[in-house]
Amino acid sequence: MASEAAVSTPAPMNSPAKRDYYWLRSFVAGGVAGCCAKSTIAPLDRVKILLQAQNPHYKHLGVFATLRAVPKKEGYLGLYKGNGAMMVRIFPYGAIQFMAFDNYKKLLSKQLGISGHIHRLMAGSMAGMTAVICTYPLDVVRARLAFQTIYHKVGCSHSKTFNTFTNEGGFRGFYRGLTPTIIGMAPYAGFSFFTFGTLKSLGLKHFPELLGRPSSDNPDVLVLKTHVNLLCGGVAGAIAQTISYPLDVARRRMQLGAVLPDSEKCLTLTKTLKYVYSQFGVKKGLYRGLSLNYIRCVPSQAVAFTTYEFMKQVLHLN
């Protein structure tokens, strides 16, 4: 997930106390934006995981058919299965990503002398990977809960899901699939920050009156108008998802581990990609569910950017 932090750097503070409060406010702003964005698309996330992992109860259905089938088989709350764990993960994930991006950008610019668009791309990639490493176990648990249905004999509670990891190497089970996640996050987060930051900077530079408006908490700072913010976020998400989607498919299958009957063929990133390609091909395997991802990434990024923009003004971060 990218944010307006991609193109803005906080003004220097006068004291350590104010700097501490800035990071706290930034933490809250990023966390709230992430939670709002993910809650908006939680049903689509559940369907995406079911389709990516070829769940036996839904693999014969398409995206919209699955959206209709889940409430019939599991109730409407079934569309939000695993979302509780996601909220616990996404709040620190969003906060860590935003703060890490700002610090990496400063590091690349001041310490290594790297600037321009390339440092935005590199900082975004490193920030995304940092956030993933810090919150990965919760994402694995959420994926297990989302994949399970009322027909599975595997327990559907959080505690039972945690217990299944004892049969998969204990603590190492929580980091199963970390390698493809990190590899996939690098281009995803990098291109998200890069695309949004580039669109914003170009828009405010060449069409400030048409696309921008003064920030409510600091009139000297221009921010994107709401509808432009939504559009830039959607475009950034679509480009990033297209580039990294096959790695996301591999990541999910590796995360699900023993839940899948063919888990022994999905132990490494290379084996998983080869297996999915040989068994299901490109369209129905490596890019299965991509249409759903386009549908979900646009509102997700739109809500994330808009909420973060709003929180930045409310918490006086501009």
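These figures come from a predicted structure and were not determined experimentally.

About the criteria used
- Residues numbered from 1 in each chain as written.
- Predicted model: local features only at pLDDT ≥ 70, side-chain atom pairs only at ≥ 80, totals over all residues.
- Heavy atoms only, no water.
- pLDDT = per-residue confidence, 0-100.
- Contact = heavy atoms within 4.5 Å.
- Helix = DSSP H or I, 4+ residues; strand = E, 2+ residues; numbered from the N terminus.
- Expected span 1.5 Å × (residues − 1).
- Salt bridge = Lys/Arg side-chain N within 4 Å of Asp/Glu carboxyl O.
- Buried < 20%, exposed > 50% of the residue type's maximum accessible area, 1.4 Å probe, protein only.

### Topic: the confidence of the model for the protein
- Averaged over every residue, the pLDDT of the protein is 79; residues scoring 70 or more account for 82%.
- The low-confidence segment residues 2–11 (pLDDT under 50) makes 40 contacts with residues lying over four places distant or belonging to another chain.
- Contacts for the low-pLDDT stretch residues 13–18, under 50 throughout, to residues beyond four places or in other chains number four contacts.

### Some details on helix H12 (residues 290–314)
- End to end, H12 covers 35 Å across 25 residues, agreeing with the expected 36 Å (1.5 Å per residue, within 8%).
- His316, located one to two residues past H12, shows a positive phi value of around 55°.

### Comments concerning the pattern of salt bridges
- Tallied over the entire structure, the rule returns two salt bridges.
- One salt bridge connects Asp45 with Lys38, and the closest N-O pair in it is separated by 3.9 Å.
- According to the relative accessible area criterion, Asp45 is buried, its value standing at 4%.

### Thoughts on the environment of Leu222
- By secondary structure assignment, the location of Leu222 is in strand E2 (residues 222–224).
- Note on Leu222: relative accessible area 37%, which makes it partly exposed.
- Here the alpha-carbon distance between Leu222 and Leu211, two residues 11 residues apart in the chain, equals 9.5 Å.
- In this structure Leu222 touches Leu204, Pro208, Gly212, Arg213 and Pro214, once residues within four positions along its chain are discounted.

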